[in-house]
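# Close look at the chain arrangement
Residues per chain are reported as follows:
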Amino acid sequence: SFPFLIRLFPSVLTKFVYLNFLAFPFLVDFRRPELLVNNTINLHLTTEPGVTVGIWHTVPGSRGAEAQGKDQRWYEEALADAHPVIIYLHGNGGTR
């Protein structure tokens, strides 16, 4: 009966393959990365109409003292300066 259910409801298979409904470690609020990683802020980018991607922006430790107590605007301006940006794509099965 399992193949029949998958044929009727293909979205169920997607949920079980990617497991994107699970947040590991459990009971952690990934919308507040500053509680997990120093010098980090949560941002959202609209890539196309109706599609929003959540990202974390982490400044390097060498700029950590400068980042203390700064707001989202400072982090956005830090992306535009001359420092290199490294993009890490975690894959389809994890969380930020």
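Looking at an unreviewed UniProt entry, one finds the chain named ABD12 lipase and attributed to Mystacornis crossleyi.

A few words on a nonpolar patch on the surface. On the surface, Phe 4, Leu 5, Leu 8, Phe 9, Val 12, Phe 16, Leu 19, Phe 21, Leu 22, Phe 26 and Leu 27 cluster together to form a nonpolar patch covering roughly 1200 Å² of accessible area. The set of elements that each furnish at least two residues to the nonpolar patch consists of helix H1 (2-8) and helix H2 (10-18). Among the elements that take part in the nonpolar patch, H1 stands out by supplying three residues, more than any other.

Quick look at unusual backbone geometry now. Even without being a glycine, Asn 39 presents a positive backbone phi close to 60°. Position of Asn 39 relative to the elements: it lies in the loop between H2 and strand E1 (40-48). Classification of Asn 39 as buried rests on a relative accessible area of 14%.

So, on to the packing of aromatic side chains. Within the structure shown, the criterion is met by one aromatic pair. Ring centres of Trp 74 and Tyr 75 lie 5.1 Å apart, and the angle between their planes is 85°; on these two criteria the pair is classed as edge-to-face. Exposure remark for Tyr 75: the relative accessible area of 5% places this residue in the buried category.

Another point: the nonpolar core. Most often, soluble globular proteins keep nonpolar side chains buried together rather than apart. Listed in full, the seven residues of the largest apolar core are Ile 41, Leu 43, Val 59, Ala 67, Trp 74, Tyr 75 and Ala 78. Mapped onto this core, the elements with two or more residues apiece are E1 and helix H4 (72-79). Counting residues per element, this core draws most heavily on H4, at three residues. Each residue touching Tyr 75, except ones within four places of it in the same chain, is listed here: Asn 39, Thr 40, Ile 41, His 57, Val 59, Ala 67 and Lys 70.

Parameters at a glance
- Residues numbered from 1 in each chain as written.
- Predicted model: local features only at pLDDT ≥ 70, side-chain atom pairs only at ≥ 80, totals over all residues.
- Heavy atoms only, no water.
- Patch = residues over 30% accessible without salt bridge, like charges linked within 9 Å, V, L, I, M, F, W, Y side chains within 5 Å.
- Areas by Shrake-Rupley, 256 points an atom, 1.4 Å probe, with all protein chains shown as cover.
- Salt bridge = Lys/Arg side-chain N within 4 Å of Asp/Glu carboxyl O.
- Helix = DSSP H or I, 4+ residues; strand = E, 2+ residues; numbered from the N terminus.
- Buried < 20%, exposed > 50% of the residue type's maximum accessible area, 1.4 Å probe, protein only.
- Phe/Tyr/Trp six-rings, centres within 6.5 Å; stacked < 30°, edge-to-face > 60°.
- Core = buried A, V, L, I, M, F, W, Y, C linked by side-chain atoms within 4.5 Å.
- Contact = heavy atoms within 4.5 Å.

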